[in-house]
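Inside the fold
Here's the letter readout for the chains.
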Amino acid sequence: MISRGTLPLHLTAATLLRVSAEGMATALVLTVEARTGRAADAGFLQTAATLPYVLSGPLIGHALDRARRPRPLIMMLAAGYAVAAASLLLMAGRSPLVLALLVAAVIGVTEPVVVALTSLLPRYVPAERLPRAYGLEASSYNVAAIAGPGLAAGLASATTGTYAGFAVAASAIVALLVLPSSRSPAPPPRYPATSRRLPRPTPHPGRPARARPPCRHPAAK
């Protein structure tokens, strides 16, 4: 299991990634509207970032559950998400819509990592501390749902909508820097299969046990 300092690092990285994911839609609308005046383009980008999630979510969850060392896959997905999020917020409203849609699709492929981190808690935390850890995880989703859009909107009001995505991209990048600080979760224990002979049924009280005749193959007659 992990040391006491690793769980806070894990929760910090997970919360930062969720802040970025929750603020992406708001940041896209504000950024595209400020650069082009066409908020509908932000809707297309958000759709492109959501559709791949339907397939990638179950596949990534299954791969992490079966991996004995999930850390390389987690780092690869987090890096892909951070790079794609920063690239999309830089490209949105400046580059052709088709290219931006492709980058948004990469976000949809890698974004399930923000949820998949929860499935690693049983590897990090002892069983008696899991309820508290899951409670903290649930709180991180609530914090992210409030902080993500709030950061994007606050930054846009303080500066311009063009910079609304700065906080979203920065949150993902900081999470990527925090993730390596947490120790890799230990692989789930594997218990050797033991063969046990089933106990013979006991006779009913008051009834004598009857000896069963030996079973013979029909060919032996």
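Predicted, not measured: the structure shown is a model, and the values here were computed from it.

Conventions we followed
Residues numbered from 1 in each chain as written. Predicted model: local features only at pLDDT ≥ 70, side-chain atom pairs only at ≥ 80, totals over all residues. Heavy atoms only, no water. Phe/Tyr/Trp six-rings, centres within 6.5 Å; stacked < 30°, edge-to-face > 60°. Lys NZ or Arg CZ within 6 Å of the ring centre and 35° of its normal. Axes fitted to C-alpha atoms, helices over the stretch in contact; angles between N-to-C directions. Helix = DSSP H or I, 4+ residues; strand = E, 2+ residues; numbered from the N terminus. Left-handed = near helix turned anticlockwise from the far one by under 90°. Contact = heavy atoms within 4.5 Å. Nonpolar A, V, L, I, M, F, W, Y, C, P; charged D, E, K, R; others polar. Expected span 1.5 Å × (residues − 1). Buried < 20%, exposed > 50% of the residue type's maximum accessible area, 1.4 Å probe, protein only. Salt bridge = Lys/Arg side-chain N within 4 Å of Asp/Glu carboxyl O. Arc of directions from axis to C-beta.

Quick notes on the packing of aromatic side chains
Applying the stated criterion across every chain yields a total of zero aromatic pairs. Lying over the aromatic face of Tyr141, Arg18 brings its terminal NZ or CZ to 4.1 Å of the ring centre.

A look at the packing of helix H1 (residues 6-36) against helix H2 (residues 39-50)
Packed helix pairs are characterised by how far apart their axes lie and by the angle those axes make with each other. Where H1 meets H2, the axes come as close as 8 Å, and the angle between the chain directions of the two elements is 145 degrees. As H1 packs across H2, the resulting crossing turns out to be right-handed. For the pair H1 and H2, contact is made by Met24, Ala25, Leu28, Val29, Val32 and Glu33 and by Ala39, Asp41, Ala42, Leu45 and Gln46, respectively. Partitioning the contact of H1 with H2 into residue classes produces eight nonpolar, one polar and two charged.

Section: helix H8 (residues 130-158)
Each turn of an α-helix holds 3.6 residues, which means side chains three or four residues apart point in the same direction. The end-to-end C-alpha separation of H8 is 41 Å, in line with the 42 Å expected for 29 residues at 1.5 Å each. Looking at H8, one finds that the buried residues are Leu130, Ala133, Glu137, Ser140, Ala144, Gly148, Ala152 and Ala156. Here the buried face of H8 lies against H1 and helix H7 (121-124).

Things to note about the environment of Ala144
Position of Ala144 among the secondary structure elements: in helix H8. Assessed through its relative accessible area of 0%, Ala144 is described here as buried. Residues contacting Ala144, with those up to four places away along its chain left out, are Thr15, Arg18, Val19, Glu22 and Pro149.

Here's the deal with the pattern of salt bridges
A side chain of one charge can pair with a side chain of the opposite charge when the charged atoms of the two come close. Taken as a whole and judged by the stated rule, the model has two salt bridges. A salt bridge links Arg18 to Glu137, with the shortest nitrogen-to-oxygen separation between them at 2.9 Å. In this pair, Arg18 sits in helix H1 while Glu137 sits in helix H8, placing the two residues 119 residues apart along the sequence. Since its relative accessible area comes to 2%, Arg18 is described here as buried. A residue is classified by how much of its surface remains accessible, and Glu137, at 1% relative accessible area, is buried. A salt bridge links Arg38 to Asp41; the nearest nitrogen and oxygen atoms lie 3.1 Å apart. Arg38 sits in the partly exposed class, given a relative accessible area of 49%.

Looking at H2
Across its twelve residues, H2 extends 17 Å between first and last C-alpha, which sits within 8% of the 16 Å expected from 1.5 Å per residue. All buried positions along H2 are accounted for by Asp41, Ala42, Leu45, Ala48 and Ala49. All buried residues of H2 project into a common sector of 120 degrees when viewed along the axis, lining one side. Buried residues belonging to H2 abut H1, helix H4 (71-91) and helix H5 (97-110).

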